[in-house]
Amino acid sequence: QQNESSSSFDGFLTSKLLLRILGVLLFLCVLSSLYLGSYYHVHHQDYTKATEMKQKKDDFIRRGDKATTAITISEEESKTITETDSKEPSAIHETVVFESIIERVKWTEEQCNSVPEHHVDTLTTSLKKATDLPPLPEGGVAAALKKWMDSEHDNNNDNDDNVYPTCYLPPPKSCDVTSYTLVIMSHTTERLEAFMDPLADMVNSWPGLTEIIIVWNSPRTTLTSVSDKKQQQYAIKLLSWDTDPNHPLRIFFSLEEGLANNLLNRYHPKIQPKNEAVFYFDDDGPFFSKEAMVDSGLEMWKRNSNVQVGAFPRNIRYLSKRMKEAGKKGLMDSIDIVTNNVHGDSGATYPPFTPFCRNATGDHVEYNYFTFPDYNAHMLLPSGSILHRNFLCFIWHPAFEELRTWVVHHKTMPDDMTVSTLVSHLSGRAPRTVPQKINSFNSGRRLNEDSSEYYYDTSANDAPIPNQSHRRLLWKNPNWAKWREEAINSILNYFGAIHPGTVGWCAGTKYSQDHHKHHYECKPENPSLNMIPWLNEGGVGFDHCPPNDRLANTIKRTEWQMQKIMEEDKLVSFCGECKYKNFISCSDRAKYLIDHYDNNPVEAKKNTIKDDENCRKK
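Keep in mind the model is a prediction, meaning the values are calculated, not measured. (Residues numbered from 1 in each chain as written. Predicted model: local features only at pLDDT ≥ 70, side-chain atom pairs only at ≥ 80, totals over all residues. Heavy atoms only, no water.)

1. Structural notes on unusual backbone geometry
The step from Gly 285 to Pro 286 runs through a cis peptide bond, and the omega angle for that step is 0°. Relative to the helices and strands, Pro 286 resides in the loop between β4 (277-282) and α9 (290-303). That bond from Lys 523 to Pro 524 is cis: its omega, 5°, falls within 30 degrees of zero. We note that Met 413 has phi near 40°; this positive angle belongs to a residue other than glycine. We classify Met 413 as partly exposed; its relative accessible area is 36%. The backbone of Asn 582 sits at a positive phi, close to 55°, despite the residue not being glycine. Secondary-structure assignment places Asn 582 in the loop between β15 (579-580) and β16 (584-585). (Helix = DSSP H or I, 4+ residues; strand = E, 2+ residues; numbered from the N terminus. Buried < 20%, exposed > 50% of the residue type's maximum accessible area, 1.4 Å probe, protein only.)

Here's what the structure looks like:
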């Protein structure tokens, strides 16, 4: 009986223990369910946000109709995008870009503070103040960006409708782009004829031109109420193009969109270009040819879509030995990258910028407005330039308000210097240059009878004073050159450094020549399409994008024309070694006509003989 009682008690204890164990397991299951549910809720929500924001980002980068729509993005969501997509080279978040600029300024400050004593105050001249406007602060861009990043957009959080779109760098290559937008800014009917006649030709002959935006910086009435009859006819035609649904042109009236009269309006995101590639021309030109802009320029841009590309370069002349040495090394390293056929999306490390040490060493530079160098240019003038539309978001970003305000108040309103410098610091790379003119072996321009033409050395540092009558804007005011020089020094000082300089279109080809004093240049100045390396199989950059069949056929026709010209050339009785007007050799004169007047070799010889019979072989 005692054994039976003991057995019953043991069974009771066992049952009770099992119940307790079962209860604990059940309790743990409930806790696990609650934890997993919470984990799923938190992490799936973040993933969903990241996916939604990635879609917004993709729309901003790739879709033309959404290129500049206001994207309301909270700080939390912005961080989510950065963490999710930081490895995507085609969508670098603005935070990453701003941090890189801040780091560059810190690095340049360290370089400037450690300059050896023998490089300090070595310049024999000093930069004289040319205007009453105070200069931008040294390295001020870093403080402006840090202030913006630290503020967490406090000024915008009160009203979500006013949140500025998040900006993203464009991809390093845009091989699939086939269409482009052309932007011209104007404010007066006096220049309508100057740009409307070329536009009419472009619409009819430029493949891929699907949109033209005229940024009009005056009231609409300046087009609707015109007293001059000829200007009135052009104004009526322009307005008719704007209202014609079948015409690619539309007018963006800046004042009606809440913008003031500002040269930077042509870069405002509100113009909403539908294409990724945006071409720019000034309203008074120069207007470069289809061959230069579309065949050559667009193809270069497609291979380098994260930098500014253009045909109107300017050089900044360094004065200090330290800057010259650093700039030369950076340029040579840049040339090596290009000639080694390094792809833009390869992740290659580009040379560092050259520190600009105004306070530490007294650095200042000269604005070289005498030449348009292929190599070692530091900025591009607007006419003939190409930008990815994503840069528009950066140019008008609130973080750069201090810079834009200074530009507006400076006497020269240097939007060209500002945009070139800003874009180079955003991308961490120098612009790329393309030839201004392409020799298409068509009939050359007719020569005027003025024989006062003379030759210019295209070296960036050793050019003579050019014919001043060709630079009406520059010489309207005798102080213009001083103002421009003050402007570039202030802008460079604000960023603290300058990129290594452009690499010429001819890099890696036999057309690249080592000029005196080790300055490279491209000869001829006006190449034919079959000389452009990225357009021809085996050339530098050709394999960076798929071949263009239309261009391949055009180049074949060019080569056929060249062969025909060479055969005709043998029939021309030309004395190349003879003297042309007792001044230069006849061959030098013919070469000048080829380089500067688009003459083919036969035309150049015939025109030279026509001007001076002494050039005919006896």
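2. Observations regarding the sheet that holds strand β1 (residues 180-186)
As summarised here, the arrangement of the seven strands in space is β3-β2-β1-β4-β10-β5-β11, forming an open sheet in which the pairing is mixed. Edge strands, defined here as strands with exactly one partner in the open sheet, are β3 (249-253) and β11 (432-433). Inspection of the sheet shows β4 paired to strand β10 (residues 385-388) by four bridges, in the antiparallel sense. Across the sheet, Val 278 pairs through a bridge with Leu 387, a residue of β10. (Pairing = 2+ DSSP bridges.)

3. Notes on the confidence of the model for the chain
Scored by pLDDT, the chain comes out at a mean of 81, with 77% of its residues at no less than 70. Under a pLDDT of 50 for its full length, residues 34-89 has, in the predicted model, 74 contacts with residues more than four places off or in other chains. A low-confidence stretch, residues 443-472 (pLDDT under 50), is modelled with 70 contacts involving residues beyond four sequence positions or located in other chains. (pLDDT = per-residue confidence, 0-100. Contact = heavy atoms within 4.5 Å.)

4. Points about the sheet that holds strand β6 (residues 313-318)
Strand pairing in a sheet is mediated by backbone hydrogen bonds. Such pairs are either parallel or antiparallel. Spatial ordering of the open sheet is given by β8-β6-β9, a layout of three strands whose pairing is antiparallel. Of all strands in the sheet, those bounded by a partner on one side alone are β8 (365-368) and β9 (379-380). Strand contacts of helix α16 (residues 480-495): β6, β8 and β9, with the helix running at about 125° to β8, the strand carrying the most contacts. (Axes fitted to C-alpha atoms, helices over the stretch in contact; angles between N-to-C directions.)

5. Here's the deal with the packing of helix α3 (residues 94-113) against helix α4 (residues 140-151)
To characterise two packed helices, one gives the angle between the axes of the helices and the distance between these axes. Viewed as axis vectors pointing N to C, α3 and α4 meet at an angle of 145°, and their least axial separation amounts to 9 Å. When you trace α3 past α4, the crossing you get is left-handed. Contacts between α3 and α4 involve Glu 94, Thr 95, Phe 98, Glu 99, Ile 101, Ile 102 and Val 105 on the former and, on the latter, Val 141, Ala 142, Leu 145, Lys 146, Trp 148 and Met 149. For the contact of α3 with α4, the class distribution of residues is nine nonpolar, one polar and three charged. (Left-handed = near helix turned anticlockwise from the far one by under 90°. Nonpolar A, V, L, I, M, F, W, Y, C, P; charged D, E, K, R; others polar.)

6. Examining the state of the cysteines
What is meant by a disulfide is a covalent connection between two cysteines, made through their sulfur atoms. All told, the structure shown has six disulfides when counted by the stated rule. Residue Cys 112 pairs covalently with Cys 357 via a disulfide, S to S 2.0 Å. With the S-S bond torsion at -80°, the cross-link from Cys 112 to Cys 357 turns out left-handed. Of this pair, Cys 112 sits in helix α3 while Cys 357 is found in the loop between β7 (354-355) and α11 (358-361), placing the two residues 245 residues apart along the sequence. Taken individually, Cys 112 and Cys 357 each receive the classification buried, so the pair is uniform in this respect. Disulfide pairing places Cys 586 opposite Cys 615 at an S-S distance of 2.0 Å. As the torsion about the S-S bond is roughly -80°, the Cys 586-Cys 615 disulfide counts as left-handed. Residue Cys 586 is found in helix α18 (residues 586-597), and its partner Cys 615 is found in the segment after α19 (601-611); the two are separated by 29 residues along the sequence. In this structure Cys 586 comes out as buried when scored by relative accessible area, which is 0%. Should the bonded cysteines of the chain be numbered as they appear in the sequence, the pairing reads 1-4, 2-5, 3-8, 6-7, 9-10, 11-12. (Disulfide = S-S within 2.5 Å.)

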